[in-house]
Amino acid sequence: MRDGPGVTAPRVAVVGVRRVRQGLGEHFARWLVAAGAEVPAFVARTPESADEGRRVLARHGIDARGFTSLDALLAAEPVDALVIASPAETHAVWLRTACAAGLGVLCEKPFVWGGADPAREGAAIVEEFSARRLLLREHCQWPRVLSAFFALHPQAAGRAPSAFEMELAPSGRGRSMIVDSLSHPVSVLQALPGGLGGGISGLSFSTRDPDAAAIDVSFRAREGGLAVVVRLRSVPGQPRPAAMAIDGLRADREVELPSYRMSLRDGARTVRLGDHVPFGDPMGAEVAAFVAALRTRGPAGADPGIVPRLRLLAEIAAAFG
Ligand SMILES: NC(=O)c1ccc[n+]([C@@H]2O[C@H](COP(=O)([O-])OP(=O)(O)OC[C@H]3O[C@@H](n4cnc5c(N)ncnc54)[C@H](OP(=O)(O)O)[C@@H]3O)[C@@H](O)[C@H]2O)c1
């Protein structure tokens, strides 16, 4: 961490700055810089992709060096923290490497995936970070949209909902849609009064076709009886429609391109001036909170939502088959 007069700039490296499929690494880098962090370096798989990654970051005015190992990166450019923006199946290795190196981590969702028992593996990793009092967050940005939702639908605020729906448009099909998407509704439900603390019951799927382009996932919170439906519709490219409804009050996310300005629109009403509630990119807010936590330098630890979220994701994916 470099100190200037009254300024502390955490130094953060990123694993995976390019978009090969859906990766958001370059956006993590630009939000880190916007939040006052330095991004001096990143990890890439090959020297060639490191060169390409350097060009990608240069487009955002970021001058960062690419390395093909974290050891080499740390020897040349010591950092305080790592953002893991590589595919889910690679997260466990990078999380363990970062923890051994004493780095705080912001890791893309799903926290870990691909091993024999992701929930157990994730819990072990969280324990390692907690034992070392290292900052650990999972990038689930949708709870940051709730303040805009309640600005649109104030009558839904401050009470435990009895019905929650979310529509998302991932790029894959079948099981991969579930693995890709379920962290989002679960993280929102964890942030709402009532939550999912007691686990779920009545899990069902509209189809179990492994190649399905549309799947509805339904379940209930075991405590309180909240009914949840997550509607997944495969969409190969941008824009990706998304919507949330709490107790029947619906908000559609709109994204203005190319500015990427976001707003929520009341899905049930005809659009009029004032029907849109604009909100800042929730990813920027997540990254800013991570940088702010790094700046405090106090005892940190892991986000307590990570393990229950991963357990639920693993339960739902296993039930799909
Ligand atoms: N929160 C959200 O809304 C959101 C949206 C989209 C994606 N995601 C998450 O973002 C993550 C990445 O998405 P993706 O799977 O589609 O990524 P991707 O675009 O296929 O790849 C992204 C980056 O990962 C790097 N990479 C791949 N394998 C690696 C390895 N073994 N070690 C280090 N770096 C590696 C690539 O490196 P090179 O540059 O060397 O090729 C590339 O820069 C996933 O966890 C996904 O769920 C989240």
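In case you missed it, the structure is sitting above this.
Worth saying up front: this structure is predicted, and the values here are computed from it rather than measured.

Undergrad: Help me understand the overall build of the protein chain, please; the structure alone is not making it clear to me.
TA: From N to C terminus, the protein chain includes ten helices and 16 strands. Computed over the C-alpha atoms, the radius of gyration of the protein chain is 20 Å, within 12% of the 20 Å expected from 2.2 N^0.38 for a compact globule of 321 residues. Viewed in the frame of its principal axes, the protein chain has a C-alpha envelope of about 55 × 50 × 40 Å. Taking all 321 residues of the protein chain together, 42% fall into the buried category. Summarising the internal contacts of the protein chain: among those between residues at least 6 apart in sequence, 66% fall at separations of at least 24.

Undergrad: I keep staring at the site of the ligand and nothing clicks. Help me out?
TA: With respect to spatial proximity, 27 residues lie near the ligand, and among them Gly16, Arg21, Gly23, Ser49 and Pro87 are the closest. A per-class count over the shell around the ligand returns nine nonpolar, eleven polar and seven charged.

Undergrad: Help me out: how do you make sense of the sheet that holds strand β3 (residues 12-15) in this one?
TA: Strand pairing in a sheet relies on backbone hydrogen bonds, with the paired strands running either antiparallel or parallel. Pairing is parallel across the open sheet formed by six strands, whose spatial order is β5-β4-β3-β6-β7-β8. In this open sheet, the two edge strands, each paired with only one partner strand, are β5 (65-67) and β8 (136-139). The sheet shows a mean angle of 20° between the axes of neighbouring strands, taken without regard to direction. Sheet analysis places β3 next to strand β6 (residues 81-84), joined by four bridges and oriented parallel. Each residue of the ladder has a partner; that of Ala13, found in β6, is Leu82. Lying on the sheet, helix α4 (residues 91-100) is in contact with β3, β6 and β7 (104-108); it crosses β6 at an angle near 180°.

Undergrad: Quick question: what am I supposed to make of helix α10 (residues 306-320) here?
TA: Helical geometry note: an α-helix holds 3.6 residues per turn, so side chains three or four residues apart project in the same direction. Taking 1.5 Å of rise per residue, 15 residues should cover 21 Å, and α10 covers 21 Å from first to last C-alpha, within 8% of that figure. Among the residues of α10, those classed as buried are Ile306, Val307, Arg309, Leu310, Leu312, Leu313, Ala314, Ile316 and Phe320. Against the buried residues of α10 lie α5 (118-131), β8, α7 (175-181), α8 (183-191), β10 (200-205) and β11 (214-221). Of the residues one or two after α10, Gly321 is the one with positive phi, at around 100°.

Undergrad: How do you make sense of the nonpolar core when you look at a structure like this?
TA: Side chains of a nonpolar character, in soluble globular proteins, are inclined to be buried together. Counting 97 residues, the largest nonpolar core has Val14, Ala29, Leu32, Leu82, Leu95 and Val105 as its most contacted members. Per-element tally for this core: the top contributor is α10, with eight residues. Counting the residues that make up this core, at least three belong to each of domain 1 (2-139 + 285-303) and domain 2 (142-280). Those residues in contact with Leu82 that sit more than four places away from it in its chain are Ala13, Val15, Trp94, Ala98, Leu103 and Val105.

Undergrad: I would appreciate a short explanation of the packing of α4 against α5 in the present structure.
TA: Any two packed helices are characterised by how steeply their axes cross, that is the angle between the axes, and by the distance between the axes. Running from amino to carboxyl end, α4 crosses α5 at an angle of 15°, the nearest separation of the two axes being 10 Å. Between α4 and α5, the angle is such that the two are roughly parallel. Remark: the crossing between α4 and α5 carries left-handed chirality. Mapping the contact onto sequence places Ala92, Leu95, Arg96 and Cys99 in α4 and Glu121, Ile125, Glu128 and Phe129 in α5. Class assignment of the residues belonging to the contact of α4 with α5 gives a composition of five nonpolar, no polar and three charged.

Undergrad: I would appreciate a short explanation of the sheet that holds strand β9 (residues 163-168) in the present structure.
TA: With respect to topology, eight strands assemble into an open sheet ordered β10-β11-β12-β9-β13-β14-β15-β16, the strand pairing being mixed. Of all the strands in the sheet, just β10 and β16 (276-279) have a single pairing partner and so form its edges. Across the sheet, the mean angle from the axis of one strand to that of its neighbour is 15°, orientation sign disregarded. Bridge count for strand β13 (residues 242-246) against strand β14 (residues 249-256) is five bridges, and the pairing is antiparallel. Each residue of the ladder has a partner; that of Ile246, found in β14, is Leu249. Sheet contacts for α8: β9, β12 (227-233) and β13; angle to β9, the most-contacted strand, approximately 150°.

Undergrad: How do you make sense of unusual backbone geometry when you look at a structure like this?
TA: The phi torsion of most residues other than glycine is negative, and most of the peptide bonds are trans. Between Lys109 and Pro110 the backbone carries a cis peptide bond, its omega angle lying at -20°. For Pro110, the position within the fold is in the loop between β7 and α5. Along the chain, Leu257 connects to Pro258 via a cis peptide bond; the corresponding omega equals 5°. When you line up the elements, Pro258 lands in the loop between β14 and β15 (261-266).

Undergrad: What is the right way to read the packing of helix α1 (residues 25-34) against helix α9 (residues 282-296) from this model?
TA: In the contact formed by α1 and α9, the axes pass within 9 Å of each other and the chain directions differ by 55°. In terms of orientation, α1 and α9 fall into the oblique class. The crossing of α1 and α9 is right-handed. Residues His27, Phe28, Trp31, Leu32 and Ala34 of α1 lie in contact with α9, whose contacting residues are Met283, Gly284, Val287 and Val291. When its residues are assigned to classes, the contact of α1 with α9 shows seven nonpolar, two polar and no charged.

Conventions we followed
Residues numbered from 1 in each chain as written. Predicted model: local features only at pLDDT ≥ 70, side-chain atom pairs only at ≥ 80, totals over all residues. Helix = DSSP H or I, 4+ residues; strand = E, 2+ residues; numbered from the N terminus. Rg over C-alpha atoms; globule rule 2.2 N^0.38 Å. Buried ≥ 20, exposed ≤ 12 C-beta atoms within 10 Å, placed from the backbone. Contact = placed C-beta atoms within 7 Å. Near = placed C-beta within 6 Å. Nonpolar A, V, L, I, M, F, W, Y, C, P; charged D, E, K, R; others polar. Pairing = 2+ DSSP bridges. Axes fitted to C-alpha atoms, helices over the stretch in contact; angles between N-to-C directions. Expected span 1.5 Å × (residues − 1). Core = buried A, V, L, I, M, F, W, Y, C linked by C-beta atoms within 7 Å. Domains from an automatic or database assignment. Parallel < 35°, antiparallel > 145°, perpendicular 65-115°, else oblique. Left-handed = near helix turned anticlockwise from the far one by under 90°.

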